[in-house]
Amino acid sequence: MVGYDPKAKCVSTVEAAAAGSASGLVTRVLVSPLDVLKIRFQLQIEQLSSRNPGAKYHGILQAVQRIFQEEGLVAFWKGHVPAQFLSVGYGAVQFMAFESLTKLVHHVTSYSARDSFVHFVCGGLAACTATVAVQPVDTLRTRFAAQGEPKIYRSLRHAVVTMYQTEGPLTFYRGLTPTVVAIFPYAGLQFSFYNILQQFSEWVIPAEGKKGGNVKNLVCGSCAGIISKTLTYPLDVVKKRLQVGGFEHARAAFGQVRVYRGLLDCIRQMMREEGPGGFFKGLSPSLLKAAFSTGLVFFWYELFCSLLCAAKNTESAARKEG
């Protein structure tokens, strides 16, 4: 169902956008705590270890306990409103673009729309399109998830006005370069590996065992998310560091802060001060999030598309009977 399939002309581009939005919304609610943990780990300069007395966070369980004690349960959904705008908008643009691009490839080239390489290229391009569209919301989400107590931004409107007045309009696109550089292979690998794993499962699982299609979609999506996230993770860390530039005063309670002049300067400083391991800070919660979020996004997208198809078929059958 993911991507244009000439044998199953069921979901239109608009319906793909609607299914993508719905899948993003539901998934975001479920994975928000892991996202907050990942961002906190990525932005910490100190080594993530209990042996480092200056480190605020040492590991997943310790971080969960500390955030809960200091900020309460709602802290795990900090930045949830802009995050939902991000998920809904990103899901709509990404899946709409992906369906359109795979359809275009099928009709104007000799490649099959179901080819894994086509899914890699189209998935990457669709994600880049969606990223540029929602980057300002992503920056807002990161600021909200990163701030401690007392809060710098009281509301989404206050954050937008304050950032615009004090830092200018370009601040909403901080970290766009590493984001675009990272998102193409990340999303491309997601769609490509999802397609490969789906084809592999059809080859491995006998016909009588194919009733659990929803579970298969969840598992294939989770595996695709883990593989793609591991391969592209360092650029995600760099992006988060750049997005909180100019926001250092709100990060003082979390430990050391750094000012980066750009992508290359950020990479140089991280390599010099934190070593190669610094580029993989927060990988554990990030992989958990990638497994859950990617699996759930594909699961819900396929499910919503199936429901739309079923509703259209029912309506069509009712018209014929009428």
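Residues numbered from 1 in each chain as written. Predicted model: local features only at pLDDT ≥ 70, side-chain atom pairs only at ≥ 80, totals over all residues. Heavy atoms only, no water.

Looking up the chain in an unreviewed UniProt entry gives the name Mitochondrial thiamine pyrophosphate carrier, with the organism given as Hemiprocne comata. Quoted straight from UniProt, the Subcellular location (unreviewed entry) entry for the chain says "Mitochondrion membrane". The Sequence similarities (unreviewed entry) comment attached to the chain in UniProt states, word for word, "Belongs to the mitochondrial carrier (TC 2.A.29) family." (UniProt positions renumbered as here; feature names shortened; annotations may be inferred.)

When you look at the overall build of the chain in this model, what are you seeing that I'm missing?
Helix and strand content of the chain: nine helices and zero strands. In the chain, the succession of α and β elements from N to C terminus is α-α-α-α-α-α-α-α-α. In summary, the chain has a C-alpha radius of gyration of 21 Å against a globular reference of 20 Å for 322 residues, a match within 12%. Its C-alpha atoms give the chain principal-axis dimensions of roughly 70 × 40 × 40 Å. Taken over 322 residues, the chain has a buried fraction of 48%. Residue pairs at least 24 apart in sequence account for 79% of intrachain contacts in the chain once pairs closer than 6 positions are excluded. A total accessible area of about 15,300 Å² is found for the chain, and carbon and sulfur atoms account for 66% of it. Counting 34 positive and 21 negative side-chain charges, the chain places the centres of these two groups 3 Å from one another. (Helix = DSSP H or I, 4+ residues; strand = E, 2+ residues; numbered from the N terminus. Rg over C-alpha atoms; globule rule 2.2 N^0.38 Å. Buried < 20%, exposed > 50% of the residue type's maximum accessible area, 1.4 Å probe, protein only. Contact = heavy atoms within 4.5 Å. Areas by Shrake-Rupley, 256 points an atom, 1.4 Å probe, with all protein chains shown as cover. Lys, Arg positive; Asp, Glu negative; His and termini not counted. Charge placed at Lys NZ, Arg CZ, Asp CG, Glu CD.)

Is there a simple way to explain the packing of helix H6 (residues 176-204) against helix H9 (residues 283-321) in this structure?
A pair of packed helices is captured by two measures, namely the crossing angle of their axes and the spacing between those axes. Axis separation between H6 and H9 bottoms out at 12 Å; the angle between their running directions is 65 degrees. When you trace H6 past H9, the crossing you get is right-handed. Here H6 contributes Tyr186, Gln190, Phe191, Tyr194 and Gln198 to the contact with H9, which in turn contributes Ala290, Thr294, Phe298 and Glu302. A per-class count over the contact of H6 with H9 returns five nonpolar, three polar and one charged. (Axes fitted to C-alpha atoms, helices over the stretch in contact; angles between N-to-C directions. Left-handed = near helix turned anticlockwise from the far one by under 90°. Nonpolar A, V, L, I, M, F, W, Y, C, P; charged D, E, K, R; others polar.)

Any chance you could explain the UniProt feature "repeat: Solcar" (unreviewed entry) in the chain here in plain terms?
With numbering aligned to this structure, UniProt lists the feature "repeat: Solcar" (unreviewed entry) at residues 11-104, 114-200 and 212-307. For residues 11-104, the helix share is 72%, the strand share is 0%, and the end-to-end C-alpha distance is 15 Å.

Explain a nonpolar patch on the surface to me, please; I cannot follow it from the model alone.
Together, Leu25, Val29, Leu30, Phe68, Leu73 and Trp77 line one region of the surface with nonpolar side chains, adding up to about 570 Å² of accessible area. Ranked by residues supplied to the nonpolar patch, first place goes to helix H1 (residues 13-43) with three residues. Position of leucine 73 among the secondary structure elements: in the loop between helix H2 (60-71) and helix H3 (80-108). (Patch = residues over 30% accessible without salt bridge, like charges linked within 9 Å, V, L, I, M, F, W, Y side chains within 5 Å. Salt bridge = Lys/Arg side-chain N within 4 Å of Asp/Glu carboxyl O.)

How do you make sense of the nonpolar core when you look at a structure like this?
Inside soluble globular proteins, nonpolar side chains tend to come together where they are buried. Core analysis: the biggest nonpolar cluster contains 17 residues, and Val2, Phe95, Phe98, Phe191, Tyr194, Phe298 and Tyr301 have the highest contact counts within it. Elements with a minimum of two residues in this core: H1, H3, helix H4 (116-146), H6, helix H7 (213-243) and H9. Per-element tally for this core: the top contributor is H3, with four residues. Listed in part, the ten residues of the second largest apolar core include Leu86, Ala127, Ala130 and Ala187. (Core = buried A, V, L, I, M, F, W, Y, C linked by side-chain atoms within 4.5 Å.)

How do you make sense of the environment of asparagine 52 when you look at a structure like this?
Within the fold, asparagine 52 resides in the loop between H1 and H2. It is 43 Å that separates the C-alpha atoms of asparagine 52 and tyrosine 301, two residues lying 249 residues apart in sequence. Here asparagine 52 is in contact with Glu46, Gln47 and His58, once residues within four sequence places are set aside.

I keep staring at empty space enclosed by the protein and nothing clicks. Help me out?
To find leftover empty space, one rolls a probe the size of a water molecule over the atoms. According to the stated counting rule, one finds two cavities of 30 Å³ or more in the structure shown. Taken together, 39 residues make up the lining of the largest cavity; nearest its centre are Arg28, Tyr90, Ile183, Tyr186 and Lys289. At the level of secondary structure, the elements contributing two or more residues to the lining of the largest cavity comprise H1, H3, H4, H6, H7 and H9. A per-element tally of the lining of the largest cavity places H6 first, with eight residues. Here the lining of the largest cavity is composed, by residue class, of 15 nonpolar, 15 polar and nine charged. Empty space within the second largest cavity amounts to approximately 40 Å³. Along its surface, the second largest cavity is lined by Arg28, Ser32, Asp35, Val36, Ile39, Lys78, Gly79, Ala83, Arg141 and Ala145. Within the residue set of the lining of the second largest cavity, elements represented by two or more residues are H1 and H4. Looking at the lining of the second largest cavity element by element, the count peaks at five residues for H1. For the lining of the second largest cavity, the residue count by class is four nonpolar, two polar and four charged. (1 Å grid on protein atoms, 1.4 Å probe; cavity = no way out; pocket = protein on both sides within 12 Å on 5 of 7 lines; lining within 4 Å. Points joined across faces, edges and corners; volume = space filled by probe spheres on them.)

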